[in-house]
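Survey of secondary and tertiary structure
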Amino acid sequence: DMVNERVWAYVNSWGAIQQRSKSRKRKNPPKNTNAEIRRKVEKAAVDYAWQYYQEKYYYGCTIESVESLGRGWDLEVRTDSEEWLVEVKGLLNAVVSCELTPNEYEKMQLPAHRKKYVIFVVNNALAEEPGSPIPSIFMRCDDGKWRTEDGLELQVSEKVGAVLKSS
């Protein structure tokens, strides 16, 4: 099925991901300055996450897009017993490196959301056959770290900024 194929694609690409991450020592995520490509990547990633949850729960869930509502996440996924607040990040390459907005970061940390907030990163979001997108689904663990089921851990670096205006 689709999920198993993606798992094997991820496993088979792990060496390339590790090699790329070692060869690129950046402090900040690479920024794609092309707004049209950014929109396509983000849409492809959200579509991928939507399909992932439909297949995971065999269509026994409701999925709602809340991207335009500014809640601090993109999708709300509900089953009879679970609710997930899913922030989707789409990337062009195989390195997991992205940023959260201040609102997303704040919501991710709220005690009321911690157990149900998900950071769903889709690497190679625009990949076409024979390639495929690679999902990394991060959830908050009891020790406060954000990890995937297979142990990939997010390194979270806070960023401080300001808006400057003349009067």
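To start, this report covers the structure provided alongside it. (Residues numbered from 1 in each chain as written. Predicted model: local features only at pLDDT ≥ 70, side-chain atom pairs only at ≥ 80, totals over all residues. Heavy atoms only, no water.)

**Focus on unusual backbone geometry**
Here the amide bond leading from E129 into P130 is cis, since omega sits at 5 degrees, within 30 degrees of zero. Inspection of the secondary structure puts P130 in the loop between β4 (117-123) and β5 (134-140). Notably, N124 is not glycine yet its phi reads approximately 55 degrees, a positive angle. With respect to the helices and strands, N124 occurs in the loop between β4 and β5. (Helix = DSSP H or I, 4+ residues; strand = E, 2+ residues; numbered from the N terminus.)

**Some details on the packing of aromatic side chains**
Overall, the coordinates contain 7 aromatic pairs when judged by the stated rule. Ring geometry for Y52 against F120: centres 5.3 Å apart, planes inclined by 70 degrees, an arrangement best described as edge-to-face. With a gap of 68 residues between them, Y52 in helix α2 (residues 35-56) and F120 in strand β4 connect regions that are remote in the sequence. Of the two residues examined, Y52 and F120, each falls in the buried class. Measuring from ring centre to ring centre gives 6.4 Å for W73 and Y117, while their planes differ by 85 degrees; the resulting arrangement is edge-to-face. Taken as a pair, W73 in the loop between β1 (62-65) and β2 (75-78) and Y117 in strand β4 lie far apart in primary sequence, 44 residues in all. Residue classification places Y117 among the buried residues on the basis of a relative accessible area of 0%. Clustering of aromatic rings is evident, with ring pairs tying together Y48, Y52, Y53, Y57 and F120. (Phe/Tyr/Trp six-rings, centres within 6.5 Å; stacked < 30°, edge-to-face > 60°. Buried < 20%, exposed > 50% of the residue type's maximum accessible area, 1.4 Å probe, protein only.)

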